[in-house]
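Take a look at the letters that make up each chain.
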Amino acid sequence: MENYTKLKDLIASLEADAEKFFNNGNSAAGTRVRKGLQDVKTLAQDIRNNVTAIKNEGKK
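Residues numbered from 1 in each chain as written. Predicted model: local features only at pLDDT ≥ 70, side-chain atom pairs only at ≥ 80, totals over all residues. Heavy atoms only, no water.

1. Concerning the overall build of the protein chain
Here comes step 1: Across its full length, the protein chain carries two helices and zero strands.
Here comes step 2: Rg of the C-alpha trace for the protein chain: 15 Å, well past the compact-globule value of 10 Å for 60 residues, more than 25% over.
Here comes step 3: Taking the principal axes of its C-alpha atoms as reference, the protein chain extends roughly 55 × 15 × 10 Å.
Here comes step 4: Within the protein chain, buried positions represent 18% of all 60 residues.
Here comes step 5: Distance between charge centroids for the protein chain: 7 Å, based on 11 positive and 8 negative side chains. (Helix = DSSP H or I, 4+ residues; strand = E, 2+ residues; numbered from the N terminus. Rg over C-alpha atoms; globule rule 2.2 N^0.38 Å. Buried < 20%, exposed > 50% of the residue type's maximum accessible area, 1.4 Å probe, protein only. Lys, Arg positive; Asp, Glu negative; His and termini not counted. Charge placed at Lys NZ, Arg CZ, Asp CG, Glu CD.)

Here you go:
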């Protein structure tokens, strides 16, 4: 559950930079959004792996 909370916080932290990029055309903000989304992808994959591991423990 800790990683899920981190994921929500990470997405929330991207909002300001996304707004700067999409509304104002700030290129640096776009770079920060792209990096943040890569972090989201990595964290989401970790969560998926954890869920699968917990699910499979119950099947033993």
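2. Here's the deal with the packing of helix H1 (residues 2-24) against helix H2 (residues 27-57)
For any two helices packed against each other, the geometry is given by the interaxial angle and the distance between the axes.
Here comes step 1: Where H1 meets H2, the closest approach of the two axes is 9 Å, and the angle between their N-to-C directions is 165 degrees. Here H2 runs roughly antiparallel to H1, going by the angle between their axes. By crossing handedness, the relation of H1 to H2 is classed as left-handed. Residue-level contacts link Asn3, Tyr4, Lys6, Leu7, Leu10, Ile11, Leu14, Asp17, Ala18, Lys20 and Phe21 of H1 to Ser27, Ala29, Gly30, Arg32, Val33, Gly36, Leu37, Asp39, Val40, Leu43 and Ile47 of H2.
Here comes step 2: Broken down by class, the residue content of the contact of H1 with H2 amounts to 13 nonpolar, four polar and five charged. (Axes fitted to C-alpha atoms, helices over the stretch in contact; angles between N-to-C directions. Parallel < 35°, antiparallel > 145°, perpendicular 65-115°, else oblique. Left-handed = near helix turned anticlockwise from the far one by under 90°. Contact = heavy atoms within 4.5 Å. Nonpolar A, V, L, I, M, F, W, Y, C, P; charged D, E, K, R; others polar.)

3. With respect to the packing of aromatic side chains
Here comes step 1: Using the criterion set out here, one finds one aromatic pair in the structure.
Here comes step 2: Ring geometry for Phe21 versus Phe22: centroids 5.0 Å apart, planes at 75 degrees, classification edge-to-face.
Here comes step 3: Residue classification places Phe21 among the partly exposed residues on the basis of a relative accessible area of 33%. (Phe/Tyr/Trp six-rings, centres within 6.5 Å; stacked < 30°, edge-to-face > 60°.)

4. Quick look at the nonpolar core
Here comes step 1: Core analysis: the largest hydrophobic core is formed by six residues, namely Leu7, Leu10, Leu14, Val40, Leu43 and Ile47.
Here comes step 2: Counting only elements with at least two residues in this core, the list comes to H1 and H2.
Here comes step 3: Here Leu43 is in contact with Asn3, Lys6 and Leu7, once residues within four sequence places are set aside. (Core = buried A, V, L, I, M, F, W, Y, C linked by side-chain atoms within 4.5 Å.)

5. Re the environment of Asn3
Here comes step 1: Mapped onto the fold, Asn3 is located in helix H1.
Here comes step 2: Residue class for Asn3 comes out partly exposed when judged on its relative accessible area of 27%.
Here comes step 3: Between the C-alpha atoms of Asn3 and Leu14, which are eleven residues apart in sequence, the distance is 17 Å.
Here comes step 4: Sequence-distant contacts of Asn3, that is, excluding residues within four places in its chain, are made with Leu43 and Ile47.

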